[in-house]
Amino acid sequence: MAVASVQWFGVVICGIRVSHDGGVAVIEDDRLVFGIELEKLDSGRRHHPLGDLEQVAAILRSEGLTPADIDRFVVDGSAPETDSTEPARIATLVGGRPVELTIAPYQDRPGRTIPLARHRFRGHGFGSAADEYVSYHHVDQHIMGGYCASPFAARGEDALVLVGDGGAVARLYHVVAAARKVRSVATFRADSRERLALSSLVHRDASLPSKLVVTGESALDIKWNSQLQGIVEEIWIPPFPDDSGAAIGAACCEMFRNGRNPALRWGVYSGPRVRVCGVPDNWRRQLCDERGVAELLHRKGEPVVVLSGRAEIGPRALGNRSILAPATDSAVRDRLNGIKHRAVRRSVAAVCLAERAVEVFGPGGSDPYLTFEHRIRADWTDRIPAVQVDGVARVQTIDAAAKSPTARILAAYEAISGIPVLCNTSANSEGCGFFPDVAAAARWGGARYIWSEGYLYTDQARARQTIRERGSAPRDWGHTSVMW
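Residues numbered from 1 in each chain as written. Predicted model: local features only at pLDDT ≥ 70, side-chain atom pairs only at ≥ 80, totals over all residues. Heavy atoms only, no water.

Turning our eyes to something else, we now look at the overall build of the protein. When you go through the protein residue by residue, the secondary structure sums to 12 helices and 23 strands. A globule of 484 residues ought to have a C-alpha radius of gyration of about 23 Å, and the protein, at 23 Å, matches this closely. C-alpha atoms of the protein, sized along the principal axes, occupy 75 × 55 × 40 Å. The buried share among the 484 residues of the protein stands at 58%. Taking contacts inside the protein between residues at least 6 apart in sequence as the whole, the part at least 24 apart equals 68%. Working note: accessible area of the protein is about 19,900 Å², and carbon and sulfur atoms make up 49% of it. Side-chain charges in the protein split into 58 positive and 57 negative, and the spacing between the mean points of these groups amounts to 2 Å. (Helix = DSSP H or I, 4+ residues; strand = E, 2+ residues; numbered from the N terminus. Rg over C-alpha atoms; globule rule 2.2 N^0.38 Å. Buried < 20%, exposed > 50% of the residue type's maximum accessible area, 1.4 Å probe, protein only. Contact = heavy atoms within 4.5 Å. Areas by Shrake-Rupley, 256 points an atom, 1.4 Å probe, with all protein chains shown as cover. Lys, Arg positive; Asp, Glu negative; His and termini not counted. Charge placed at Lys NZ, Arg CZ, Asp CG, Glu CD.)

Looking now at helix α10 (residues 405-417). The end-to-end C-alpha distance of α10 is 18 Å, a good match for the 18 Å that 13 residues give at a rise of 1.5 Å each. Here α10 has its buried residues at Pro405, Thr406, Ala407, Ile409, Leu410, Ala411, Ala412 and Tyr413. Positive phi shows up at Gly418, right after α10, with a value of about 85°. (Expected span 1.5 Å × (residues − 1).)

To continue, consider the packing of aromatic side chains. Enumeration according to the criterion identifies nine aromatic pairs in this entry. Look at Phe126 and Tyr133: their rings are 5.8 Å apart centre to centre, the planes differ by 80°, and that puts the pair in the edge-to-face class. Side by side, Phe126 and Tyr133 carry an identical accessibility label, which is buried. In textbook terms, an aromatic cluster arises when at least three aromatic residues are bridged by ring pairs, as seen for Phe73, Phe121, Phe126 and Tyr133. Above the ring of Tyr455, the side-chain terminus of Arg285 is found at 4.3 Å from the ring centroid. One Lys or Arg, Arg383, reaches over the ring of Trp380 and ends 3.9 Å from the middle of that ring. (Phe/Tyr/Trp six-rings, centres within 6.5 Å; stacked < 30°, edge-to-face > 60°. Lys NZ or Arg CZ within 6 Å of the ring centre and 35° of its normal.)

The next thing to look at is the sheet that holds strand β14 (residues 283-287). Taking strand neighbours across the sheet as the criterion, the 10 strands line up as β14-β23-β22-β15-β16-β21-β17-β20-β19-β18 in an open arrangement whose pairing is mixed. This sheet does not close on itself; its edge strands, each paired only once, are β14 and β18 (361-362). Of the pairings in the sheet, the one linking strand β16 (residues 321-326) to strand β21 (residues 421-426) comprises five bridges and is antiparallel in character. Looking at β21, one finds that Ala325 is bridged to Cys423. Set on the sheet, helix α8 (residues 330-339) makes contact with β16 and β21; between it and β16 the angle comes to about 150°. (Pairing = 2+ DSSP bridges. Axes fitted to C-alpha atoms, helices over the stretch in contact; angles between N-to-C directions.)

Taken in spatial order, the five strands make up an open sheet running β11-β10-β9-β12-β13, and their pairing is mixed. Looking along the sheet, the strands with just one partner apiece sit at the ends: β11 (181-189) and β13 (234-236). Mean inter-strand twist for the sheet, computed between neighbouring axes without regard to direction, equals 25°. In the sheet, strand β9 (residues 159-163) pairs with strand β10 (residues 169-176) via five bridges, with the strands oriented antiparallel. In the strand pairing of β10, Leu160 is matched with His174. In this fold helix α4 (residues 194-204) packs onto β9, β10, β11 and β12 (211-215), with an angle of close to 135° to the strand it touches most, β11.

This brings us to the environment of Leu50. Examined against the element boundaries, Leu50 turns out to sit in the loop between β3 (31-37) and α1 (54-62). In sequence terms Leu50 and Val75 are 25 residues apart; their C-alpha atoms lie 12 Å from each other. Not counting the four nearest positions on each side in its chain, Leu50 is found in contact with Ile16, Arg17, Val18, Ser19, Gly22, Val24, Leu38, Gln55 and Val56.

Here the focus is the layout of surface pockets. Size it by volume and the largest pocket reaches roughly 750 Å³. Forming the boundary of the largest pocket are 33 residues, of which Arg46, Pro315, Arg316, Arg346 and Ser426 lie nearest the centre. The leading source of residues in the lining of the largest pocket is β21, at three residues. Here the residues of the lining of the largest pocket sort into seven nonpolar, 12 polar and 14 charged. (1 Å grid on protein atoms, 1.4 Å probe; cavity = no way out; pocket = protein on both sides within 12 Å on 5 of 7 lines; lining within 4 Å. Points joined across faces, edges and corners; volume = space filled by probe spheres on them. Nonpolar A, V, L, I, M, F, W, Y, C, P; charged D, E, K, R; others polar.)

As a packed pair, helix α2 (residues 138-148) and helix α6 (residues 246-258) sit with axes 7 Å apart at the nearest point and diverge in direction by 80°. Judged on the interaxial angle alone, α6 and α2 are roughly perpendicular. Contacts between α2 and α6 pair Asp140, Gln141, Met144, Gly145, Tyr147 and Cys148 from the former with Ala246, Gly249, Ala250, Cys252, Cys253, Met255 and Phe256 from the latter. Residue composition of the contact of α2 with α6, by class: nine nonpolar, three polar and one charged. (Parallel < 35°, antiparallel > 145°, perpendicular 65-115°, else oblique.)

In structure tokens:
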């Protein structure tokens, strides 16, 4: 559903990812307006490509823009197919017609090309009157997406950026903030010796900053991220390190190079809005606030699908497109893995109140994007068995005061149960992106309860079966409504 048109006063940049993990992102001056991946529209298949260049205009219109509002279109570079420094061509569609779009090569080639080289092309305007766009190396979007979103950019500091893009080689770059430049520093074998080589280089060369951004597909590995801690004073990993953040990173390349501010102002909940729909057949809808959801979780011990506001950017569920469940019974982990068609013993992520993370986990501390590995402290192992395998857990920390329904649900759950932890897994069906609305989650059918925008939806067929089994009437959770 399209939203009302808005007035734009700054420079508006549209970043585009055409191939797998297709997406569109818009930055106005230094503010991320939105970042939408195709897989998160209509429960698309994971890693869904853009498919048709006319999708760009359609997504813009859904957010209250038109192609004419865009000052610069920026397209992410190509896949790592050859050692060429020449522009690449990618097969795609325009209005259903096959075309080829010219884009930048995959990466800089030391001695031949430089990082953050701006490639300018003609031949497509993405629905605007202009017939041109720019493109940057694919590796550049990893560098800039990670750096511009980092606290280092916000403080105007230089930083190292380590890009591990799923291949055999990881690349280290130095972002020079004041000069708005990026220089290539070194390449490493992406194996167990990489940490040693990186540590040796950082400590040997005093000219290198002691701030590190880790990005690329390898940055999704929490064990590897944890091993990199301690090499530098401070480490940062964005919630969109893989190609899910390519459209944002492409726009950041142009912003960093030509904008007024190299730091991006952004929020993790910048994906597509949850869609409004009617009540699915055989489901009941009733008013229910976050405390009602917390009481439901505590009393029933069942998973609740949470769909709220804008979706998370990046591949991980961080509360707005999550399935929440109590962590106090290991059978809950098995059930979640069962409804998600995953291995029974696979770990399920935890969401924990940041204020109590150090008490429950080691090292604990702030980890808002499920970035590092944590161990459950001995006196909590038996209290939250559903979120640990062999004593290890993946943890998202969240502030109780955050403007997030999941934060309010978790704070209320802690007040009721004394437990500051819930299971948190992604709200999606197998092989697809997040549910876009309640109807999609109801069709999936993996959970009896769905909560969205102040309403609790209950599968009546399952509720009636439970009543017959237990001989009790369903509770009216609308009566537990509390003003927050």
